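Chain by chain, the residues run as shown.
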Amino acid sequence: MKKRIKPIVLVFYLLSVFLISGLKSDAQVSRHRLIFNCDGTDLLGNFTFGQRPLSIDDLNAYVDTRAHTQVTTFMTCSGSDFPNYRSKYGRVFGDDLNGTLDCGCDTADYRIFKNYYTNFLNIEKEGTDIIAATLKRTKKDGMEAFISYRMNDLHFTDTTVHCPIVYSDFWRTHPQYWLNEDVGWHSRGALNFAYKEVRRQKLNMITEQLEKYGTLLDGYDLDFMRFIVYFKSDEGQKNSPLITEMVKDIKAEVDKQSAKYGKKILLSVRVPTSLDDCMKKGLDVKEWIRQGLIDFVSIGVHFIGNPSTHVAKFKKSLENPNIPVYTTIEGGGYSPREFYSHGMYRGMASHILAQGGDGIYLFNHFFVKSQSLKGSNQVCRIIVPDLLKELGSLETLRHRNKIYCLDNGNTEYGLKTETPLPLAVSAQNKSAVSLFIGDNPQKDKPKEMVLFIRTSKPAQCSLWVNGVKIEKQEAQYIDFYERKENLGKDQAVYAFILPALCLKQGENEVSFQSLNDVFKVKRLEVLLKYGDVKTNGYF
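Residues numbered from 1 in each chain as written. Predicted model: local features only at pLDDT ≥ 70, side-chain atom pairs only at ≥ 80, totals over all residues. Heavy atoms only, no water.

1. Re the overall build of the protein chain
So, point 1. Across its full length, the protein chain carries 16 helices and 19 strands.
So, point 2. Expected size for 539 residues packed as a compact globule is a radius of gyration near 24 Å; at 25 Å, the protein chain falls within 12% of this value.
So, point 3. Summarising its shape, the C-alpha atoms of the protein chain cover approximately 80 × 65 × 45 Å along the three principal directions.
So, point 4. Counting all 539 residues of the protein chain, 59% fall into the buried class.
So, point 5. Looking at the protein chain alone, contacts between residues at least 24 apart form 80% of all its contacts between residues at least 6 apart.
So, point 6. Carbon and sulfur atoms provide 52% of the accessible area of the protein chain, an area that totals close to 22700 Å².
So, point 7. Within the protein chain, one finds 71 positive and 63 negative side-chain charges whose respective centroids are separated by 3 Å. (Helix = DSSP H or I, 4+ residues; strand = E, 2+ residues; numbered from the N terminus. Rg over C-alpha atoms; globule rule 2.2 N^0.38 Å. Buried < 20%, exposed > 50% of the residue type's maximum accessible area, 1.4 Å probe, protein only. Contact = heavy atoms within 4.5 Å. Areas by Shrake-Rupley, 256 points an atom, 1.4 Å probe, with all protein chains shown as cover. Lys, Arg positive; Asp, Glu negative; His and termini not counted. Charge placed at Lys NZ, Arg CZ, Asp CG, Glu CD.)

Printed below as a string of structure tokens:
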């Protein structure tokens, strides 16, 4: 015999479902976003203000710098397995438990972590913690307030350090849950999500944060890119239902807090740039969408950036135009570590937005006060707050100096950046790649357009752009625009002047044919100069 549901219970249930589905987040109703993900150690270390003792005023000033720009959404990192608050499930970041976790000597790591904890205590003495303080200030400044949770942070899983203060309690006391497989930096110590105990620990911490900060939250972000390893190699797709079930449980907690506070709290995820790569890692994004578990998706690569992410391709693969898609611009730059410049940031942002991306997700976007110019003073590789006033909109990016890029890619944690480079070029046939340009050069007409090509060795070739043969070179531009950074052994760089109307908005075909030996194109960049760097921005 079926158990009958009491009428009053049924009414309450239906009312809750109706309320949750109809609620809007407090801050943003538009799908357009410029998301700023705030690193927790950047705050706790107070690096913005010279590492002086941290105060509430410093936290407020940090958030205020991102406000009144184009930033719509401020995400504060919760600390992952090292919570930045008093937790039932983990030790506060940097707490040495009154010296019982001493490293045995006065190491640099020990001093740094102790300073983090001292700053935590400074804020606690003021009656709060850095998460609550930044969320509160974010709301006051009119931005969406999110917590971002790093699903498998590998910064503190290096067993060679032998300093227990740098290990989380759960990780240190449960070595049986370690992955023990080399697929990337610190991956041997990654937690293996095939164990239900690992998934339960994550759910406990996320639930705790939703309960503790729900009143301040507009959304909660599951950052699967930090770090993108959850199962042993070749076991991701098989175990994807385990992650789906965990996301479903998290969604239930999000909805519970939404009902409690009478508002909709959004649930978002950050994942790889293709559905195949997502599934390879056990992340069944389409199933999450089908079940209505997530409100938006951000895509990205790990650390080393991809300056030409296939945004439109990913959006099309979702087969659901109602799900907003944002694309990460990482702070890692080219590989090896070669930081992006202002012009490259603008080129990447324009690429993303012109391909139909709903916005930008800035990760590890650390500000530095000095401009750090050198040589011809045309290129700046230091991130400054003013970039936040233009990266979020195609309109504010118009007539700004830019560099669009293709590079030969990078592989981290078994995922390879999708790029047509390196491209082998021979004398027998033409070889071609496509570069997407977000600007409309035929309408806005840059003062100059320059094509830079980095090759595996000195080369001679015929070159065409959209069928137009390109012949004029300007060798001095190579140093003028600093295109020799991290130039590898035997590699060479060439600068070609592109004629007016040669480029178009959208995909542009660049074709090569060697005049002698086979070589490889390793990097391809198009510089659009609209004016002097003082008025139109540094490259």
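2. Describing the state of the cysteines
So, point 1. Evaluation of the coordinates by the stated rule reveals 1 disulfide.
So, point 2. The disulfide bridge from Cys103 ends at Cys163, spanning 1.5 Å between sulfur atoms. Highlighted residues: Cys103 in the loop between strand 2 (73–77) and helix 4 (108–125) and Cys163 in the loop between strand 3 (144–150) and helix 6 (169–173), separated in sequence by 60 residues. Across this residue pair, the class does not change: Cys103 and Cys163 are buried. (Disulfide = S-S within 2.5 Å.)

3. Concerning the sheet that holds strand 4 (residues 219–223)
So, point 1. Taken in spatial order, the 8 strands close into a barrel running 1-2-3-4-5-6-7-8, and their pairing is parallel. Sheet twist, expressed as the average angle between the axes of neighbouring strands with direction ignored, equals 25°.
So, point 2. Bridge count between strand 4 and strand 5 (residues 266–271): 5 bridges; the pairing is parallel. Within the sheet, the bridge partner assigned to Leu222 lies in strand 5 and is Val269.
So, point 3. Packing against the sheet, helix 8 (residues 236–261) makes contact with strand 4 and strand 5, and its axis sits at approximately 150° to strand 5. (Pairing = 2+ DSSP bridges. Axes fitted to C-alpha atoms, helices over the stretch in contact; angles between N-to-C directions.)

4. Points about empty space enclosed by the protein
So, point 1. One pass over the full model with this rule turns up 6 cavities of 30 Å³ or more.
So, point 2. Mapped by element, the contributors of at least two residues to the lining of the largest cavity are strand 10 (411–412) and strand 11 (415–416).
So, point 3. Looking at the lining of the largest cavity residue by residue, the classes come out as 6 nonpolar, 6 polar and 3 charged.
So, point 4. Within this model, the second largest cavity holds a volume of roughly 90 Å³.
So, point 5. For the second largest cavity, the full set of lining residues is Gly79, Ser80, Asp81, Phe82, Asn152, Asp153, Phe156, Thr157, Ser168, Trp171 and Leu191.
So, point 6. Residues that form the lining of the second largest cavity fall into these classes: 4 nonpolar, 5 polar and 2 charged. (1 Å grid on protein atoms, 1.4 Å probe; cavity = no way out; pocket = protein on both sides within 12 Å on 5 of 7 lines; lining within 4 Å. Points joined across faces, edges and corners; volume = space filled by probe spheres on them. Nonpolar A, V, L, I, M, F, W, Y, C, P; charged D, E, K, R; others polar.)

5. Looking at the sheet that holds strand 15 (residues 461–465)
So, point 1. The 4 strands are arranged 13-18-15-16 in an open sheet whose pairing can be described as antiparallel. A strand with exactly one partner marks an edge of an open sheet, and here the two such strands are strand 13 (431–437) and strand 16 (468–469).
So, point 2. Here strand 13 pairs with strand 18 (residues 506–514) via 7 bridges, running antiparallel. The partner of Ala432 across the bridge, within strand 18, is Ser511.

6. Topic: helix 5 (residues 130–140)
A turn of α-helix holds 3.6 residues, and therefore any two residues three or four places apart point the same way.
So, point 1. Along helix 5, 8 of the 11 residues are buried, which leaves the element largely enclosed by surrounding structure.
So, point 2. Summarising the contacts, the buried residues of helix 5 are in contact with helix 2 (40–44), helix 3 (56–66), strand 2, helix 4, strand 3 and helix 7 (196–213).
So, point 3. At the N-terminal boundary of helix 5, the capping side chain belongs to Asp129, with an oxygen 3.0 Å from the backbone nitrogen of Ile131. (Polar contact = N/O pair within 3.5 Å; in protein donor to acceptor, adjacent residues only side chain to side chain.)

7. What about the pairing of strand 19 (residues 519–529)?
So, point 1. For strand 19, the tally of buried residues reaches 8 of 11 residues, placing the bulk of the element in the interior.
So, point 2. Across 3 bridges, strand 12 (residues 423–425) lies against strand 19 in antiparallel orientation. Looking at the pairing, Val425 lines up with Phe519 of strand 19.
So, point 3. Two strands pair when backbone bridges link them, and strand 14 (residues 448–455) and strand 19 are joined in this way by 8 bridges, in the antiparallel orientation. Within strand 19, the residue paired with Ile453 across the bridge is Leu524.

8. Focus on the packing of helix 7 against helix 8
So, point 1. Here helix 7 crosses helix 8 at 15°, and the two axes come no closer than 10 Å. Our classification of the angle between helix 7 and helix 8 gives roughly parallel. Read as a crossing pair, helix 7 and helix 8 show a hand that is right-handed. When helix 7 is examined against helix 8, the residues Arg199, Lys202, Leu203, Ile206, Thr207, Leu210 and Glu211 are found in contact with a partner set consisting of Leu242, Met246, Asp249, Ile250, Glu253, Val254, Gln257 and Tyr261.
So, point 2. Partitioned by chemical class, the residues of the contact of helix 7 with helix 8 number 8 nonpolar, 2 polar and 5 charged. (Parallel < 35°, antiparallel > 145°, perpendicular 65-115°, else oblique. Left-handed = near helix turned anticlockwise from the far one by under 90°.)

9. A short note on the side chain of Gln257
So, point 1. In this structure, Gln257 sits in helix 8.
So, point 2. Judged by its relative accessible area of 2%, Gln257 falls in the buried class.
So, point 3. For Gln257, the residues in contact, after removing those within four places along its chain, are Leu210, Glu211 and Ile265.

10. Side note on the layout of surface pockets
So, point 1. The volume enclosed by the largest pocket comes to roughly 720 Å³.
So, point 2. Lining of the largest pocket is provided by 35 residues; of these, Asp39, Thr41, Tyr116, His155 and Phe156 occupy positions nearest its centre.
So, point 3. Broken down by secondary-structure element, the contributors of at least two residues to the lining of the largest pocket are helix 2 and helix 4.
So, point 4. Among the elements that take part in the lining of the largest pocket, helix 4 stands out by supplying 5 residues, more than any other.
So, point 5. The residue inventory of the lining of the largest pocket, partitioned by class, reads 15 nonpolar, 13 polar and 7 charged.
So, point 6. If you add up the space inside the second largest pocket, you get close to 440 Å³.
So, point 7. Its residues assigned to classes, the lining of the second largest pocket shows 12 nonpolar, 6 polar and 5 charged.

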